[in-house]
Amino acid sequence: MQFIITDAWLAKSRAIHLSGTRLVLAAVTLSMLLMLTAAGMYHWVFLKGARERWPVVGALVQLLVQDEFDQRDRFMRENLDAMARKLGDMQAKMLQLEALGDRVSGLAGVNLNEIRPNVGRGGILVERGSLSMQEMQATLNDLDQLTAERGDLLTVMESRLIDQRLKKMMVPTQRPVHAGHVGSAYGWRIDPFTGGSALHTGLDFQADVGTPILAAAGGVVVASEMHPQYGNMVEVDHGNDLVTRYAHASRLLVKKGDLVKRGHKLAEVGTTGRSTGPHLHFEVLVQGVQQDPHKFLSGPKNTAALAQLSPAALQPTLLPGRSGR
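Notes on the structure in this doc start here. Here the structure is a predicted model, which means the values were calculated and not measured.

Cut-offs and rules
Residues numbered from 1 in each chain as written. Predicted model: local features only at pLDDT ≥ 70, side-chain atom pairs only at ≥ 80, totals over all residues. Heavy atoms only, no water. Helix = DSSP H or I, 4+ residues; strand = E, 2+ residues; numbered from the N terminus. Buried < 20%, exposed > 50% of the residue type's maximum accessible area, 1.4 Å probe, protein only. Contact = heavy atoms within 4.5 Å. Core = buried A, V, L, I, M, F, W, Y, C linked by side-chain atoms within 4.5 Å. Polar contact = N/O pair within 3.5 Å; in protein donor to acceptor, adjacent residues only side chain to side chain. Patch = residues over 30% accessible without salt bridge, like charges linked within 9 Å, V, L, I, M, F, W, Y side chains within 5 Å. Areas by Shrake-Rupley, 256 points an atom, 1.4 Å probe, with all protein chains shown as cover. Salt bridge = Lys/Arg side-chain N within 4 Å of Asp/Glu carboxyl O. Phe/Tyr/Trp six-rings, centres within 6.5 Å; stacked < 30°, edge-to-face > 60°.

## Brief notes about the overall build of the chain
Scanning the chain for helices and strands turns up 7 helices and 14 strands. Taken over 325 residues, the chain has a buried fraction of 29%. Restricting to contacts in the chain with at least 6 residues of sequence separation, those with at least 24 account for 62%.

## Some points on the nonpolar core
If you look at the biggest cluster of nonpolar residues, it comprises 25 residues, and the most contacted ones within it are Tyr246, Leu266, Leu280 and Phe282. Going through the elements one at a time, β6 (203-206), β9 (231-237), β10 (242-252), β12 (265-269), β13 (279-286) and α5 (294-297) are the ones with two or more residues in this core. In terms of residue count, the dominant contributor to this core is β13 (4 residues). Other than its neighbours up to four places away in sequence, leucine 280 contacts Pro176, Val177, Leu203, Asp204, Phe205, Ile213, Tyr246, Ala247 and Val269. Within the second largest apolar cluster, 7 residues are counted, among which are Leu87, Met94, Leu143 and Leu146.

## Things to note about the side chain of threonine 244
In this structure, threonine 244 sits in strand β10. Within polar-contact distance, the side chain of threonine 244 engages the side chain of histidine 238 at 2.8 Å. Side chain to side chain, threonine 244 and tyrosine 246 meet in a polar contact 2.9 Å long. What threonine 244 contacts, discounting residues up to four positions off in sequence, is Pro172, Val234, Glu235, Val236, His238, Phe282, Glu283 and Val284.

## Considerations on the side chain of aspartate 204
Mapped onto the elements of the fold, aspartate 204 is located in strand β6. In contact with aspartate 204, other than residues within four places in its own chain, are His181, Val182, Gly183, Ser184, Arg189, His279, Leu280 and His281.

## As for a nonpolar patch on the surface
Together, Val24, Val28, Met32 and Met35 give the surface a local cluster of nonpolar side chains, amounting to about 400 Å² of exposed area. Residue position: valine 28 is located in helix α1 (residues 20-51).

## With respect to the pattern of salt bridges
Enumeration according to the criterion identifies 6 salt bridges in this entry. Residues glutamate 268 and arginine 251 are paired through a salt bridge, measuring 2.9 Å at the closest nitrogen-oxygen approach. On the criterion of sequence distance, the pair formed by glutamate 268 in strand β12 and arginine 251 in strand β10 is long-range, its members being 17 residues apart. With a relative accessible area of 13%, glutamate 268 lands in the buried category. A single network of salt bridges, built from pairs that share partners, joins Glu235, Arg245 and Glu283.

## Regarding the packing of aromatic side chains
Inspection of every chain in the model, using the stated rule, returns 2 aromatic pairs. When the centroid spacing of 6.4 Å and the interplanar angle of 65° are considered together, the rings of phenylalanine 205 and phenylalanine 282 count as edge-to-face. Taken as a pair, phenylalanine 205 in strand β6 and phenylalanine 282 in strand β13 lie far apart in primary sequence, 77 residues in all. In terms of burial, phenylalanine 205 and phenylalanine 282 fall into one category: buried. Measuring from centroid to centroid gives 5.4 Å for tyrosine 246 and phenylalanine 282, while their planes differ by 50°, and the two rings are tilted. Residue tyrosine 246 is found in strand β10, and its partner phenylalanine 282 is found in strand β13; the two are separated by 36 residues along the sequence. The pair formed by tyrosine 246 and phenylalanine 282 is uniform in burial state, with each residue classed as buried.

## A word on unusual backbone geometry
Positive phi, close to 70°, is recorded for histidine 248, a residue that is not glycine. Mapped onto the fold, histidine 248 is located in strand β10.

Next up, the structure:
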């Protein structure tokens, strides 16, 4: 395509040749300029009309803004209703957890009134679609505080339950020998060596040589040695001044400082030391004083009561000059 431009004053003419590509580019450029000019004019007129409240433009702007506000309000209301329903479900679950916590606290021996004397119970019950944003925020804050309080209470109860479980695990209630029967019981008897009356300070379990000797509860081995009277002997400290002693073993399988759990194999039955035949001499000591092992081996029913007894209540009455094995 060719354009001829003529200057009438100077009597000159100029020819411009446009190829197909140049023509397309020129058309696109001209279209863009027209679009930008139209958009700028529309924007200027629209803003000016909105600011100066021109009749037509002002009404159109007000209509558009009102429609946008209505859509935003509907969106917020729908979300508030959904959040209110979720909040109601959370409160219902929180009430269930509160009831569960009350029941568990009884098992853990926790007095909730002592831990939270000034803490209220319950809260605002959410009705569908009845909360404003401020009310919902306040309810969420209450739930957050209540959740923190319940978390603290559950932590205390968990600690109490773990403590109770550890106490039960550390009380010697398991028979130290599965096989065999009880020979001499705890109490006064005729000493087989001297023929006189003496206090037998433990239980004798008659068993064959080599029979496993098991820990009656978990603890720490504080002695694993040869004793002139007890022979090969193991002592396990269970904490709270509670120790068990296993005597007359043929072979010791643990050493001082070992950690053992209930049922751990400590030694094997023998007849070493002051013994008349193969057996295990088993003792329970509280603050260094021998107790009747039957009080501990009688089963779980007696364990809780023993845990509450003071050492003075467990101490036996010893006659002066009397002793026994």
